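This is what each chain is made of:
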Amino acid sequence: MTSSLKERLNYDKTFDCVQCGYCLPACPTYETMEKETHSPRGRINLVKMVAEGKASVEDLKEPIEKCLGCMACTTVCPTNVQYGEIFEGAKRVIDEERPRRLVEDFLFQSFFPSSKWMSTLGNATWLYQKSGLQKVSQRFGLTKRAPLQIHEFEAALPSMPTPKKRRRERVDRYVRKRPAVAKIGFFKGCVMDSVFFETNQNTVELLLRSGAEVVFPEAQTCCGALHAHTGKVDQSVELAKRNIEAFEEEGFDYIVNNAGGCGARLVEYAHLFDEGTEWYERAERFVDRVRDISEVLVGLDGLAFEKELSRTVTYQPSCHLRNVQKVTSEPLDLIKRIPGVELRELERPEFCCGSAGVYNIVNYEDAMDILDVKMQDVCGTGAGGVVTSNPGCQLQMKLGVEREGLQMEAVHLVDLLMEADPRPKW
Ligand code: SF4
Ligand code: SF4
């Protein structure tokens, strides 16, 4: 049975908002755009009005599309408004009214969920970087002609390993210590596994050195976060089912990921199904075992860092790791364990960097305004590097460094940990 507009917009949930406005100072888009309609309270009111027929879906479009989905508002809301569900419902209704685009359908239905396409993306990026095409394109400004400021993002991409190296290093099961201290199912991610392959391999290495066994279930696919954030809720539910099934076969102690955005989607799988249904129960069992890499490394406590790095860093938390997965202290704890590293914390770590999935690509100017606020904070720490826990934040930080003309590195936490030569304690 087709659900009503009110149901699709999660109208009932909008009544939890008591209009107090406590969320306004926490909202990056309210701060940079200075409009009530671009605040959490304003967006909730608009959703309510559309559900009641007092405003059109068109009125909702811009305010919702300018929302980062960072969920900072949910961390300060005294009545626990489920903004994420209201936001996703609004995205879904907006998406339903848009004309279909073949390229978009291909990307979401076939490209992101396919390991083969992801591997092709990684290999094509390697070819582009190593063949000299990247240098030529940059030198003659060819990439500047590409839409959506793609040239800035491609310049910030990490250097790709060769296809041969990718094939050689990738096996489905890694074990170094018997008996292993934990059996881990690794959630490799879609873009993470193609473009950030080295970071994934470093994650596996950290887990192995901690004494764990690591398995890559073959049937896993994209987490569905990009689908959900663009309103393709039904597709994201299908992907969730495929992942739940893929990780059910073996008795994993943990399902580990290293990307805040993916992890936030994985921990929300149970919300996608009706309570009491079989899929809800299966999703709950899946969610119970989902962990960010930092939580598992701190929990296993199997590493001793040998190399002194002698540098100052600050930590930019992924909003989805912090606000949805509620992981805050573990990344800081790990950074503090590295000999020679001085951690200088941000004044406003909760403020989004403006990356937010594909937000910085589709809302470039707004994302850069938000990034500028973030970079003021980063610069204020006087640190020589930024550590992140999500690939999107890492790329955004690289753009921020470039925009400010700074000499500063932006690294993923696991890459920094590997640089410090972690040795097994066992
Ligand atoms: S803090 Fe919560 S209840 Fe208050 S206005 Fe914001 S969403 Fe509504
Ligand atoms: S999710 Fe972030 S950007 Fe969107 S309303 Fe909440 S605080 Fe503002």
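Within any chain, residue numbers begin from 1 and follow the written order of that chain's sequence. Each chain takes a letter, starting from A, and each ligand takes a number, starting from 1, following the order in which they are written. The model is predicted, so local features are restricted to residues of pLDDT at least 70 and side-chain atom pairs to those at 80 or more, both for listing and for counting; the totals for chains, interfaces and linings are taken over all residues. Side-chain measures were taken over the full set of non-hydrogen atoms in the model, leaving aside hydrogen atoms and water.

Looking at an unreviewed UniProt entry, the protein chain carries the name Glycolate oxidase iron-sulfur subunit, with the source organism given as Halobacillus litoralis. UniProt positions are given in the numbering used here, feature names are shortened, and annotations may be inferred rather than shown by experiment. Here the protein chain is described in UniProt, under the heading Function (unreviewed entry), as follows: "Component of a complex that catalyzes the oxidation of glycolate to glyoxylate."

Asker: Please set out unusual backbone geometry residue by residue, giving values where relevant.
Answerer: Following Arg178, the chain continues to Pro179 via a peptide bond in cis, the omega torsion being -5°. We count a stretch as a helix when DSSP gives it H or I for four or more residues in a row; a strand needs E for two or more, and each element gets its number in order from the N terminus. By the secondary structure assignment, Pro179 is in the loop between strand 1 (173-174) and strand 2 (183-186). At Asp421, a position not held by glycine, the phi torsion is positive, near 50°. As for its position among the elements, Asp421 is in the loop between helix 25 (413-419) and strand 11 (422-424).

Asker: I'd love a proper account of helix 14 (residues 197-209), names of residues and values included.
Answerer: In this scheme, a helix's expected span is set at 1.5 Å multiplied by one less than its residue total. Under the 1.5 Å per step criterion, the end-to-end length of helix 14 is 18 Å for 13 residues, consistent within 8% with the ideal 18 Å. Burial classification: accessible surface area is computed with a 1.4 Å probe over protein chains only, and a residue below 20% of its type maximum counts as buried, one above 50% as exposed, and the rest as partly exposed. Burial of helix 14 is extensive: twelve of the 13 residues sit out of reach of the surface. Within helix 14, burial applies to Phe197, Thr199, Asn200, Gln201, Asn202, Thr203, Val204, Glu205, Leu206, Leu207, Leu208 and Arg209.

Asker: Go over the site of ligand 1, please, and point to the residues and values.
Answerer: Any residue with a heavy atom positioned within 4 Å of a molecule or strand is treated as near that molecule or strand. Within the structure, ligand 1 sits among Cys17, Val18, Gln19, Cys20, Gly21, Cys23, Arg41, Ile44, Cys77, Pro78, Thr79 and Val81. Residues are grouped as follows: Ala, Val, Leu, Ile, Met, Phe, Trp, Tyr, Cys and Pro are nonpolar; Asp, Glu, Lys and Arg are charged; every other residue, Gly included, is polar. A breakdown of the residues in the shell around ligand 1 according to their chemical character gives eight nonpolar, three polar and one charged.

Asker: Can you explain the nonpolar core? Please cite residues and give values.
Answerer: Grouping buried Ala, Val, Leu, Ile, Met, Phe, Trp, Tyr and Cys residues that are joined through side-chain atoms within 4.5 Å yields what is termed a nonpolar core. Core analysis: the biggest nonpolar cluster contains 55 residues, and Tyr269, Phe286 and Met397 have the highest contact counts within it. Put simply, the parts of the chain that give this core at least two residues each are helix 11 (150-156), helix 13 (191-195), helix 16 (233-246), helix 17 (260-266), helix 18 (278-288), helix 23 (364-381) and helix 24 (391-404). At seven residues, helix 23 tops the list of elements feeding residues into this core. The contact criterion used throughout is that any non-hydrogen atoms of two residues lie within 4.5 Å. What Tyr269 contacts, discounting residues up to four positions off in sequence, is Cys222, Cys223, Leu239, Ala240, Asn243, Ile244, Ala283, Phe286 and Val287. With 36 residues, the next largest nonpolar core counts Val204, Leu206, Ile293 and Val411 among its residues.

Asker: Can you tell me about the sheet that holds strand 7 (residues 311-316), naming the residues and giving the values?
Answerer: Sheet architecture is open: four strands sit in the order 8-7-9-10, paired in parallel fashion. This sheet does not close on itself; its edge strands, each paired only once, are strand 8 (341-343) and strand 10 (409-412). Here the strands of the sheet are splayed against their neighbours by 35° on average, with no regard to which way each runs. Two strands qualify as a pair provided that DSSP identifies no fewer than 2 bridges between them. Bridge analysis of strand 7 against strand 8 gives three bridges, and the strand direction is parallel. Bridge assignment links Val313 to a residue of strand 8, and that residue is Leu343. Axis angles are defined between N-to-C directions and span 0 to 180 degrees, where every axis is a line fitted to C-alpha atoms and, for a helix, only to the segment in contact.

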